[in-house]
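Observations on the three-dimensional arrangement
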Amino acid sequence: DQDTGVRVRHSTKLVVEKAKDARDITDKILFRIKSLDPGLRRDDKKGKGDGLLVTVRYEDDLRKVSNTLRKDLRTILVENSEKVFAQEFIKYEKVSEREFEHQGKRAAEIVFTYLSPYGRFVKQRFMILIRDENTAFYISAQAEKDGFEKANRKYFEKIFKTVGFK
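Reading guide: rules and limits
Residues numbered from 1 in each chain as written. Predicted model: local features only at pLDDT ≥ 70, side-chain atom pairs only at ≥ 80, totals over all residues. Heavy atoms only, no water. Helix = DSSP H or I, 4+ residues; strand = E, 2+ residues; numbered from the N terminus. Buried < 20%, exposed > 50% of the residue type's maximum accessible area, 1.4 Å probe, protein only. Contact = heavy atoms within 4.5 Å. Areas by Shrake-Rupley, 256 points an atom, 1.4 Å probe, with all protein chains shown as cover. Salt bridge = Lys/Arg side-chain N within 4 Å of Asp/Glu carboxyl O. Pairing = 2+ DSSP bridges. Core = buried A, V, L, I, M, F, W, Y, C linked by side-chain atoms within 4.5 Å. Expected span 1.5 Å × (residues − 1). Polar contact = N/O pair within 3.5 Å; in protein donor to acceptor, adjacent residues only side chain to side chain. Axes fitted to C-alpha atoms, helices over the stretch in contact; angles between N-to-C directions. Parallel < 35°, antiparallel > 145°, perpendicular 65-115°, else oblique. Nonpolar A, V, L, I, M, F, W, Y, C, P; charged D, E, K, R; others polar.

Turning to the overall build of the chain, a few remarks are in order. Within the chain one finds four helices and eleven strands. The burial tally for the chain puts 46% of its 166 residues in the buried class. A separation threshold of at least 6 residues defines the contact pool for the chain, and within that pool the share at least 24 residues apart is 52%. Approximately 9,400 Å² of the chain is accessible, and the part contributed by carbon and sulfur atoms is 48%.

What follows concerns the pattern of salt bridges. If you walk through the whole model with that rule in mind, you get twelve salt bridges. Across the salt bridge formed by Glu144 and Arg120, the nearest N and O atoms sit 3.6 Å from each other. Of the two residues, Glu144 is situated in strand S10 (residues 135-144) and Arg120 in the loop between strand S8 (105-115) and strand S9 (121-132); the sequence distance between them amounts to 24 residues. Given the relative accessible area of 28%, Arg120 is considered partly exposed.

Below, the discussion takes up unusual backbone geometry. The phi dihedral of Asp61 falls on the positive side, at around 60°, and the residue is not glycine. Mapped onto the secondary structure, Asp61 falls in the loop between strand S6 (52-59) and helix H2 (62-69).

Okay, the pairing of S10 next. Counting buried positions over the ten residues of S10 gives ten, a clear majority of the element. Examined bridge by bridge, S9 and S10 share ten bridges and lie antiparallel to one another. Bridging across to S10, Gln124 finds its partner in Gln142. Remark: two residues form the turn of the hairpin made by S9 and S10, two consecutive strands paired antiparallel.

Counting 19 residues, the largest nonpolar core has Leu52, Val54, Met127, Leu129, Ile139, Phe156 and Phe160 as the members making the most contacts within it. Listed by contribution, the elements that provide at least two residues to this core are S6, S9, S10 and helix H4 (148-162). Among the elements that take part in this core, H4 stands out by supplying six residues, more than any other.

Over its 16 residues, helix H3 (residues 73-88) runs 22 Å from end to end, which matches the ideal 22 Å to within 8%, given 1.5 Å per residue. Here the buried face of H3 lies against S6, H2, strand S7 (90-102), S8, S9 and S10. Sitting at the head of H3, Asp72 places a side-chain oxygen 3.2 Å from the backbone nitrogen of Arg74.

On to the packing of H2 against H3, then. Closest axis-to-axis distance for the H2/H3 pair is 10 Å, and the angle between their directions is 95°. Classified by the angle between their axes, H2 and H3 sit roughly perpendicular to one another. The segment H2 lies against H3, with Leu62, Val65, Ser66 and Leu69 engaging Leu73, Ile76 and Leu77. Here the contact of H2 with H3 is built from residues that sort into six nonpolar, one polar and no charged.

Dropping the structure here:
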């Protein structure tokens, strides 16, 4: 992304859609990556749907939050994400959580499952990547639970390994 300096490498079987509507802009979504791989597509109740979705968004002005709460920014973001997921996703269940360094930046990852509005279980990898004490990026990659391992091996691993800043 030219404005934020975030970069992601991905397979040619994936298509990037830049954020375009008002809600995306309000939510600070930079882009979504969807699958062109017919093996990862599925039918939903409204017609054809993607079995794979990656979303990249960011949040800024975080220094105020960290200073006010007097806690580590990564800890704050992980705790807040888990609270939101538990409220937002039906049958939310955390599978794993870890904190680590990624290309010299502090990061965390939460893997979880939930029940989609279409009645299918979805598995998601959610990465928090802190660029500086004021800005964090969120990379979410999800697929239906049954197809998640294939999508993870084929696409998500590369995306998560290569995400970084220019």
